[in-house]
Amino acid sequence: MRKMQLRPCGNFRVGYGQELTVFSTDFGRLWAGIGLFLLFAALPLVSSPYLLYVINMIGIAAIATIGLNILIGFTGQISLGHGAFFGVGAYAAAILATRLHVPLILALPAAGLVTALIGMIFGVPSGRLKGLYLTIATLAGQIIIEYLLVHWESLTQGTMGITLPAASILGFSLEGDLSYFYLIFFSLLGMLWVAINIMRTRFGRAFIAIRDNDRAAEGMGIPIF
């Protein structure tokens, strides 16, 4: 019978593959499984409707924070415009659902692509900026996008917002905070899985090298732009 692997006293890694493991011990896998069970099975049952609503808002913010963590935490590039791009995705999904009647399961990834294109408009000109200059450029993007979302009333309905139709996925209607809880947190786990695996690739290692010393990274052949 296989014994449970616990973390030893010290770092005894002998291969690069060990550096890439998500869980280095069986103890971590066990508690990750317990945490997922409590999240999806126990938490919705013991939460009041208002608490479940708050948890859903936390899950939505956590999805946005994953991208911000890659940008700031791993790559070391300061951005003050992340909330604006999050808003672009929200409005894009709403417009696709209301005006083009795109189903939710297609509107969400399509909204992500729209946000990526808008991000390229600001990202490509800012690609050679860093430090305070990059921070100012992202702040400008935040102000410009926020202004457009509020004042482009023919597209976004301004401060009134967009009234969304009832959502459904593959014929299953999403009604109430409990249904959205599972949608949000399954999406959160999916995005977290993608982010973790990005950081395990050569692109992720390049991000970290840029954060630690961008000139040294460029000297090693990493394309900074």
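Being a predicted model, the structure only gives us computed values, none of them experimental.

Participant: Hey, could you run me through the overall build of the protein in this one?
Facilitator: Across its full length, the protein carries ten helices and two strands. From first element to last, N terminus to C terminus, the protein shows the α and β order α-α-α-α-α-α-α-β-β-α-α-α. Across its three principal directions, the C-alpha atoms of the protein cover 60 × 50 × 25 Å. The buried share among the 225 residues of the protein stands at 25%. Within the protein, contacts between residues separated by at least 24 positions form 61% of all contacts whose residues are at least 6 apart in sequence. When the accessible area of the protein is evaluated, it comes to approximately 15,200 Å², of which 71% is carbon and sulfur surface. Separation between the mean location of the 13 positive side-chain charges and that of the 9 negative ones in the protein comes to 14 Å.

Participant: Hey, could you run me through a nonpolar patch on the surface in this one?
Facilitator: Judged by side-chain polarity, Tyr 50, Tyr 53, Met 57, Ile 60 and Phe 86 come together as a nonpolar surface patch covering roughly 500 Å² of accessible area. Examining the composition of the nonpolar patch, we find that four residues originate from one element, helix α3 (residues 49–74), more than from any other. When you line up the elements, Ile 60 lands in helix α3. Judged by relative accessible area, which is 32%, Ile 60 ranks as partly exposed.

Participant: Help me out: how do you make sense of the side chain of Thr 135 in this one?
Facilitator: By the secondary structure assignment, Thr 135 is in helix α6 (residues 132–151). The exposure class assigned to Thr 135 is buried, which follows from its relative accessible area of 14%. Reaching out from Thr 135, the side chain makes a polar contact with the backbone oxygen of Gly 131 at a distance of 3.0 Å. Each residue touching Thr 135, except ones within four places of it in the same chain, is listed here: Ile 78 and Leu 80.

Participant: I tried to follow the nonpolar core on my own but got confused; where do I start?
Facilitator: Generally speaking, soluble globular proteins have nonpolar side chains that are buried together. Judged by nonpolar contacts, Phe 40, Leu 52, Ile 55, Ile 66, Ile 70, Phe 181, Ile 184, Phe 185, Leu 188, Ala 195 and Met 199 together constitute the single largest core of eleven residues. Of all the secondary-structure elements, those providing two or more residues to this core are α3 and α8 (176–199). Once residues within four sequence positions are removed from consideration, Leu 188 is found in contact with Gly 59, Ala 62, Ile 63 and Ile 66.

Participant: Any chance you could explain unusual backbone geometry here in plain terms?
Facilitator: Negative phi characterises most residues that are not glycine, and trans characterises most peptide bonds. Positive phi is not limited to glycine here, since His 101 has a value of about 55°. Within the element layout of this structure, His 101 appears in the loop between α4 (82–98) and α5 (104–123). The exposed category is assigned to His 101, whose relative accessible area is 64%.

Participant: Help me understand the packing of aromatic side chains in this model?
Facilitator: Any aromatic ring pair is given by two values, namely how distant the centres are and how the planes are angled relative to each other. Within this structure, the stated rule accounts for seven aromatic pairs. Here Phe 40 and Phe 186 contribute two aromatic rings whose centre-to-centre distance is 4.6 Å and whose plane-to-plane angle is 20°, an arrangement assigned as stacked. One end of the pair, Phe 40, is in helix α2 (residues 26–46); the other, Phe 186, is in helix α8, and 146 residues separate them in sequence. Considering the side-chain rings of Tyr 50 and Tyr 53, the 6.3 Å spacing of their centres and the 35° angle between planes classify their relative orientation as tilted. Placement of the pair is Tyr 50 and Tyr 53 together in helix α3, with a separation of three residues, close to one helical turn. With relative accessibility at 61%, the residue Tyr 50 sits in the exposed group.

Reading the values: the criteria
Every chain begins its residue count from 1, and numbering advances along the sequence as written. Two thresholds apply to this predicted model, a pLDDT of at least 70 for residue-level local features and 80 or more for giving and counting side-chain atom pairs, whereas whole-chain, interface and lining totals are computed over all residues. Just so you know, side-chain values use all the structure's heavy atoms and leave hydrogens and water out. Strands here mean DSSP runs of E at least two residues long; helices mean DSSP runs of H or I at least four residues long; both are numbered from the N terminus. For every residue, the accessible area (1.4 Å probe, protein chains only) is compared with the maximum for its type, and the residue is labelled buried under 20%, exposed over 50%, or partly exposed between those bounds. Two residues qualify as a contact provided that any one of their heavy atoms is within 4.5 Å of a heavy atom in the partner residue. The protein chains shown are the only cover counted for residues, whose accessible areas, like all others here, come from Shrake-Rupley with a 1.4 Å probe. Think of it this way: Lys and Arg go in the positive column, Asp and Glu in the negative one, and His and the chain ends go nowhere. The atom standing in for a charge is NZ when the residue is Lys, CZ when it is Arg, CG when it is Asp and CD when it is Glu. Like-charged residues are merged into a patch within 9 Å and nonpolar side chains (Val, Leu, Ile, Met, Phe, Trp, Tyr) within 5 Å, provided each residue has over 30% relative accessible area and no salt bridge. Salt bridges are counted wherever a side-chain nitrogen of Lys or Arg sits within 4 Å of a carboxyl oxygen of Asp or Glu. Definition of a polar contact: a pair of N or O atoms within 3.5 Å, with one able to donate and the other able to accept a hydrogen when the atoms are protein atoms, and with sequence-neighbouring residues admitted only if both atoms are side-chain atoms. Among buried residues, those of type Ala, Val, Leu, Ile, Met, Phe, Trp, Tyr and Cys that are joined through side-chain atoms within 4.5 Å constitute a nonpolar core. A pair of aromatic rings is counted whenever rings of Phe, Tyr or Trp (Trp by its six-membered ring) have centres within 6.5 Å, and the orientation is called stacked for planes under 30 degrees apart, edge-to-face for over 60 and tilted otherwise.

That's the geometry; what it means functionally is another story.
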